[in-house]
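# Coordinates in review
Listed here are the chains, written in short residue letters.
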Amino acid sequence: MDLAFSPEEIAFRDEVRTFIATHYPAHLRGKQDEGEELSKEDMLSWHRVLARKGWVAPAWPKEYGGPGWTATQRYIFSEELARADTVPILPFGINMVGPVIYTFGTPEQKARFLPRILSGDDWWCQGYSEPGAGSDLASLRTRAERDGDFYIVNGQKTWTTLAQHADWGFFLVRTDPAAKPQEGISFLLIDMKSPGVTVRPIITLGGEHEVNEVWLENVRVPVENRIYEENKGWTCAKFLLAHERTGIAGVARSKRGIERLKGIARTELDDGGQPLLHNPFFRRKIADLECDLTALEFTELRTLAGEAAGRGPGPESSLLKIKGTEIQQRITELVLEAVGHYGAPYFRAFPEGSNAYPIGPDYAHRAAPTYFNMRKTSIYGGSNEIQRNIIAKMVLGL
Ligand SMILES: Cc1cc2nc3c(=O)[nH]c(=O)nc-3n(C[C@H](O)[C@H](O)[C@H](O)COP(=O)(O)OP(=O)(O)OC[C@H]3O[C@@H](n4cnc5c(N)ncnc54)[C@H](O)[C@@H]3O)c2cc1C
């Protein structure tokens with residue numbers, strides 16, 4: 001990849017920048033500045049703006065509704081989104097199930113599901129993990145038994161992100177209990193309004209309702225909702241996880257996070273009364289973080305260049321996941337350190353509509369809830385310990 005942008009690429013960057021500046025919903029900016037929780041409609045409003053422009057799925061092939069951008073354009077686009085601090089586009093439809101459907105689905109499945117993923121009409125959730133099956137995903141026990149043209153599904157999923165809003169879920173289910181663990185699994189699309197589906201909230205450490213338990217009791221799922229062959233769902237599952245891990249690196253957003261951190265460190269003072277940014281110990285922590293982020297950025301660019309040359313994300317996506325999430329966590333740690341005692345009253349996020357009177361500077365309000373919330377990043381998408389196992393095996397050959 002040539003890292004010096006061409007005049008066309010600079011023009012593209014300016015076009016994206018202007019579009020965001022003129023089309024980003026004003027009410028979202030206000031809520032973000034106030035640190036308010038975003039509703040389903042809030043999260044979808046930016047998705048819909050990008051969908052109308054044809055920019056919501058940068059990595060999709062053009063024939064399915066992608067913009068047909070090069071890897072460099074995709075990189076510029078994500079940089080600009082992060083620079084403007086837009087709400088992230090939810091990954092479950094666009095980055096996860098969409099690519100599975102256009103890679104493994106039938107023409108009917110593509111026609112039925114892809115346009116609604118693009119438009120935001122269907123909100124998707126991911127039903128992989130179970131109480132006894134997280135890292136060891138292949139030990140999942142949710143059963144799907146064939147009954148004519150239907151599967152009857154029974155089991156429990158957990159940690160299902162934002163399932164409270166979901167119209168559809170993509171689920172891994174066991175269709176052949178006698179086969180070896182990875183060989184008896186199928187990939188099913190389930191309408192979350194089906195009788196027998198129950199979503200129960202799990203409230204996280206930062207006070208947010210972000211994850212759920214999903215119970216499936218005698219849920220009837222048409223066989224036509226199965227992607228790819230019966231008992232071959234592991235192929236789709238692995239394909240999807242590799243895509244999930246590339247997105248997780250979050251380089252552009254971390255850059256923005258470091259800029260924010262520097263802004264706070266310019267204002268907050270150390271014990272000697274000088275800005276934290278001039279304190280050699282704090283300054284060094286920020287510098288270490290920036291060095292690591294620059295190294296990660298080049299690794300991500302190499303991965304993107306590989307993808308542009310037709311090589312899908314391989315084991316290097318594990319590296320991106322580990323380093324990307326560690327950096328995200330370190331940023332929130334330093335923000336909390338910088339705001340000091342002003343972070344303490346906000347152990348939990350303000351609920352929507354709260355009229356509590358804030359104490360301290362605005363940037364302190366979300367420091368603690370965000371710090372707690374970001375502990376999740378080294379667990380989800382395959383824990384960082386599991387990613388290290390993958391690197392040991394696939395990259396180092398141990
Ligand atoms: C906020 C959040 C959102 C999530 N969203 C979703 C979602 O939308 N859909 C979904 O399906 N899942 C979701 N998950 C689940 C996530 O994928 C799992 O939590 C993750 O895979 C780890 O599984 P587990 O929680 O069962 O932990 P376990 O697998 O029980 O692991 C416990 C600990 O042991 C370590 N460990 C386990 N096996 C090994 C090993 N072989 N070698 C070394 N260390 C090991 C792990 O790293 C971890 O530290 C989410 C999780 C979180 C925290």
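The text that follows walks through the structure, step by step, so that each part is easy to find.

Cut-offs and rules
- Residues numbered from 1 in each chain as written.
- Predicted model: local features only at pLDDT ≥ 70, side-chain atom pairs only at ≥ 80, totals over all residues.
- Heavy atoms only, no water.
- 1 Å grid on protein atoms, 1.4 Å probe; cavity = no way out; pocket = protein on both sides within 12 Å on 5 of 7 lines; lining within 4 Å.
- Points joined across faces, edges and corners; volume = space filled by probe spheres on them.
- Helix = DSSP H or I, 4+ residues; strand = E, 2+ residues; numbered from the N terminus.
- Nonpolar A, V, L, I, M, F, W, Y, C, P; charged D, E, K, R; others polar.
- Buried < 20%, exposed > 50% of the residue type's maximum accessible area, 1.4 Å probe, protein only.
- Lys, Arg positive; Asp, Glu negative; His and termini not counted.
- Salt bridge = Lys/Arg side-chain N within 4 Å of Asp/Glu carboxyl O.
- Polar contact = N/O pair within 3.5 Å; in protein donor to acceptor, adjacent residues only side chain to side chain.
- Near = heavy atom within 4 Å.
- Areas by Shrake-Rupley, 256 points an atom, 1.4 Å probe, with all protein chains shown as cover.
- Core = buried A, V, L, I, M, F, W, Y, C linked by side-chain atoms within 4.5 Å.
- Contact = heavy atoms within 4.5 Å.

With a probe scaled to a water molecule rolled over the atoms, the places where space remains empty come into view. The tally for this structure, following the rule as stated, stands at one cavity of 30 Å³ or more. In this model, the largest cavity occupies a volume close to 170 Å³. As for the largest cavity, its lining consists of 13 residues, of which Leu44, His47, Leu90, Asp122 and Trp123 are closest to the centre. Counting residues per element, the ones that place at least two in the lining of the largest cavity are helix H3 (40-53) and helix H5 (91-104). Here the residues of the lining of the largest cavity are counted per class, giving nine nonpolar, three polar and one charged.

Inspection of the secondary structure puts Lys321 in helix H10 (residues 316-339). No salt bridge forms around the buried Lys321; measuring N to O, its nearest opposite-charge neighbour Glu385 is 7.7 Å away. A polar atom in the side chain of Lys321 sits 2.9 Å from the side chain of Asn384.

Near the ligand you find 17 residues, and of these Ser135, Trp159, Thr161, Ser383 and Glu385 are the closest. A distance of 2.8 Å separates a nitrogen atom of the ligand from a polar atom in the side chain of Ser129. Computed on the free molecule, the ligand has an accessible area of 970 Å², of which 66% lies beneath the protein chains in the complex.

Now for the nonpolar core. With 50 residues, the main nonpolar core has Trp46, Trp60, Trp124, Tyr128, Phe170, Phe187 and Leu189 as its most contacted residues. Elements represented by at least two residues in this core include exactly helix H1 (7-23), H3, helix H4 (71-83), H5, helix H6 (107-119), strand S4 (168-174), strand S5 (185-191) and helix H7 (233-248). Among all residues touching Phe170, those that are not within four sequence positions of it are Phe92, Met96, Val97, Trp124, Cys125, Gln126, Gly127, Tyr128, Phe187, Leu188, Leu189 and Leu240. Within the second largest apolar cluster, 22 residues are counted, among which are Ile258, Ala265, Leu334 and Ala364.

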